[in-house]
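Fold and geometry: a report
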Amino acid sequence: MRSTGFRRSFVMLMASSVALTATACGSSGGDDAAGGKTRITVNCEPPKSAKTDRSFFDADTKAFEKADPDVDVVMHDAFPCQDPKTFDAKLAGGQMEDVFYTYFTDAKHVVDVNQAADITSYVKDLKSYSTIQQQLRDIYTVDGKIYGVPRTGYSMGLIYNKALFKKAGLDPDKPPATWEEVRADAKKIAALGNGTVGYADYSAQNQGGWHFTAEVYSQGGNVVSEDGKKATVDTPEGKAVLQNLKDMRWTDNSMGSKQLLVINDVQQMMGSGKLGMYLSAPDNIPILVKEKGGNYNDLALAPMPGGKGTLIGGDGYMFNKKDTPAQIKAGLKWLDHMFLTPGKGFLGDYARAKQNNAPVGLPEPRLFTGAADAKDQQVKKANANVPVENYQAFLDGNQSLQMKIEPPQAQQIYSVLDAAVSAVLTKKDADVDQLLKDASGKIDAILARG
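For the structure given in this document, a descriptive report is provided here. (Residues numbered from 1 in each chain as written. Predicted model: local features only at pLDDT ≥ 70, side-chain atom pairs only at ≥ 80, totals over all residues. Heavy atoms only, no water.)

Here's the deal with the sheet that holds strand 8 (residues 197–199)
So the rule is basically this: In this analysis, strands are considered paired if DSSP registers two or more bridges between them. For helices the rule is a DSSP run of H or I covering at least 4 residues; for strands it is a run of E covering at least 2, with both sets numbered from the N terminus onward. In this analysis an axis means a line fitted to C-alpha atoms, helices contributing only their contacting stretch, and an angle means the value between N-to-C directions, from 0 to 180 degrees. Contact definition: two residues touch when any of their heavy atoms are within 4.5 Å.
Pairing in this open sheet of four strands is mixed, and the strands run 8-9-7-10 from one edge to the other. Where the open sheet ends on each side, the last strands, each with one partner, are strand 8 and strand 10 (299–303). Strand-to-strand twist of the sheet, defined as the mean angle between neighbouring strand axes without regard to direction, takes the value 25 degrees. The strands touched by helix 6 (residues 179–190) are strand 8 and strand 9 (275–280); relative to strand 8, the strand with the most contacts, the crossing angle is about 175 degrees.

See the structure below:
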């Protein structure tokens, strides 16, 4: 799954724009535009309701066209940028744009159904490509061939309320580093009473399965074998996740009585000051402040408890298999201008973001390495308008964690795991061993179907 929104200020429209969907218009089928220009269609332009982001995106694209007058960019707006309900149908119908948005988990599927152009011989001309983190580049590399370019990346961590930590007698500058410490801290926070919840987790709409996966990764486990053929949830790591949730819910009573929560429920709890901790990526923080009533000074971020791994996700762009060489080259130039130049473009113009009261200084997305990363971080730091010290533990801790992408057939697997997570949170007598055994069999069947 993606987190809540990768664009710097796009998060501000999350609550109001859920009804908007992509324009179902496909590849141009040719690269000749008026005047002999190369025309490319691209998607993920912010919708008109996101006025600020829309203006940034359009201005950056116009600047690109001015710098590259031989290219004509035709933009398609969309929210969400990819609708899972229509994505496969657009793929099958050959209706994707020339340069189209994908989640990390889509890359192999798009290649497998033969809808992606091989851009291996073209990325050498993309000046920023070698500066992107290798593990993110690898996501769009299938059987040694390159089919896409990453745009953003996120990793999961632990958001916690410093004010509640202090009120509960905990050190707000020393977040829990193990799941045992999470449990102990959650119990103290819940003891404050007045509806305060120590720790909350998702358990519906596939989000419970998503978090179960992140929690298994944090313990050093996996949900699917390395070859992608067998479930690996019925393991000590999987049992530790479910048992910990069950103990916190029923023995400690630190997770509250309301369950079957989804992301909006938990964000509302955190924003209102009634929740101590939950798992999330950094992009949740602006939502908690701008939409849910939270305070930047109270919200801090720690690495995943457990110290062994974290789930990563993100997005990027792929190229339609019908694209001509000229369209691929033009599309790469557009990506470079829009998203992949440190300190500039739609995602990197931090000075512009600050001027428009968008949050600057969050620890992610962090796309680049080496000198490019140093440049990006320098510009970000110079324009920071959020308390960056609250996220230092996250940055430091992530250095030692194994970064793991979501499993194949992620949404189907998450649906299975949802049932296991919701069971331990709603049934006091839930049998952890049986739940894992049942989930393992169902996941094996999903993987067997491919």
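There is more to say, and it comes next.
Digging into the packing of aromatic side chains
Applied cut-off: By convention, a stacked pair of Phe, Tyr or Trp rings (six-membered ring in the case of Trp) has centres within 6.5 Å and planes under 30 degrees apart, an edge-to-face pair has planes over 60 apart, and any other such pair is tilted. Burial classification: accessible surface area is computed with a 1.4 Å probe over protein chains only, and a residue below 20% of its type maximum counts as buried, one above 50% as exposed, and the rest as partly exposed.
Scanning the entire structure with this criterion turns up 13 aromatic pairs. Seen in terms of ring centroids, Y101 and Y317 are 6.2 Å apart; in terms of plane orientation they differ by 85 degrees. Their pairing is edge-to-face. Pair noted here: Y101 is in strand 3 (residues 99–103) and Y317 is in strand 11 (residues 309–319), with a separation of 216 residues, a long-range link. An identical accessibility class is assigned to Y101 and Y317; each is buried. Ring centres 6.3 Å apart and planes at 75 degrees place the aromatic pair F339 and F346 in the edge-to-face group. Residue F339 is classed as buried on the basis of its relative accessible area, which comes to 4%. Taking relative accessible area as the criterion, F346 reaches 2% and is therefore assigned buried. Aromatic ring contacts, followed pair by pair, group F57, Y101, Y103, Y317, W334, F339 and F346 into a single cluster.

A few points about the pairing of strand 10
Within strand 10, five of the five residues are buried, which leaves the element mostly enclosed by the surrounding structure. The side-chain alternation of strand 10 yields two buried faces, one formed by L299, L301 and P303 and the other by A300 and A302.

Looking at the pattern of salt bridges
Basically, it comes down to this: A pair is scored as a salt bridge if a Lys or Arg side-chain nitrogen falls within 4 Å of a carboxyl oxygen belonging to Asp or Glu.
Scanning all chains against the criterion turns up 16 salt bridges. Across the salt bridge formed by D58 and R54, the nearest N and O atoms sit 3.7 Å from each other. Taken as a pair, D58 and R54 lie in helix 1 (residues 51–67) at a separation of four residues, close to a single helical turn. Note that K162 and D173 form a salt bridge whose closest N and O atoms lie 3.5 Å from each other. With a gap of 11 residues between them, K162 in helix 5 (residues 162–167) and D173 in the loop between helix 5 and helix 6 connect regions that are remote in the sequence. One salt-bridge network, held together by shared partners, links E45, R54, D58 and D77.

Quick word on unusual backbone geometry
Following E364, the chain continues into P365 via a peptide bond in cis, with omega recorded as 5 degrees. Relative to the helices and strands, P365 is located in the loop between helix 13 (350–355) and helix 14 (370–382). A positive phi angle, near 75 degrees, is found at C44, a position not held by glycine. Relative to the elements of secondary structure, C44 occurs in strand 1 (residues 38–45). The backbone of N357 shows a phi angle near 60 degrees, a positive value even though the residue is not glycine. Inspection of the secondary structure puts N357 in the loop between helix 13 and helix 14. Using a relative accessible area of 52% as the deciding quantity, one classes N357 as exposed.

A closer look at the nonpolar core
How we decide: The nonpolar core is taken to be a set of buried Ala, Val, Leu, Ile, Met, Phe, Trp, Tyr and Cys residues, with the residues joined through side-chain atoms within 4.5 Å.
Counting 74 residues, the largest nonpolar core has Y199, F212, L242 and M277 as its most contacted members. In terms of residues, this core owes the most to one element, helix 16 (residues 410–426), which gives 10 residues. Those residues in contact with F212 that lie beyond four places of it in its chain are V223, V233, G238, V241, L242, L417, V421 and L436.

A look at the side chain of D444
Inclusion rule: Under the rule applied, a polar contact is a pair of N or O atoms within 3.5 Å (in protein, one hydrogen donor and one hydrogen acceptor; residues adjacent in sequence only if both atoms are side-chain atoms).
In this structure, D444 sits in helix 17 (residues 432–449). Of the polar contacts made by the side chain of D444, one reaches the backbone nitrogen of A231; its length is 2.7 Å. In this structure D444 touches K229, K230 and A231, once residues within four positions along its chain are discounted.

Some words on the pairing of strand 1
Counted residue by residue, strand 1 has seven buried out of eight residues, so it is predominantly covered. In this structure, strand 1 lies alongside strand 2 (residues 71–77), joined through seven bridges in parallel fashion. The residue of strand 2 that forms the bridge with T41 is V74.

As for the packing of helix 7 (residues 207–218) against helix 16
How we decide: For this classification, under 35 degrees means roughly parallel, over 145 means roughly antiparallel, 65 to 115 means roughly perpendicular, and everything else is oblique. Side-chain classes follow a simple rule in which Ala, Val, Leu, Ile, Met, Phe, Trp, Tyr, Cys and Pro form the nonpolar group, Asp, Glu, Lys and Arg form the charged group, and the remainder, Gly included, forms the polar group.
Between helix 7 and helix 16, the shortest axis-to-axis distance is 6 Å and the interhelical angle comes to 85 degrees. In terms of orientation, helix 7 and helix 16 fall into the roughly perpendicular class. Facing helix 7, whose interface residues are Q207, G208, G209, W210, F212 and T213, helix 16 presents Y414, L417, D418 and V421. The residue makeup of the contact of helix 7 with helix 16, split by class, is five nonpolar, four polar and one charged.

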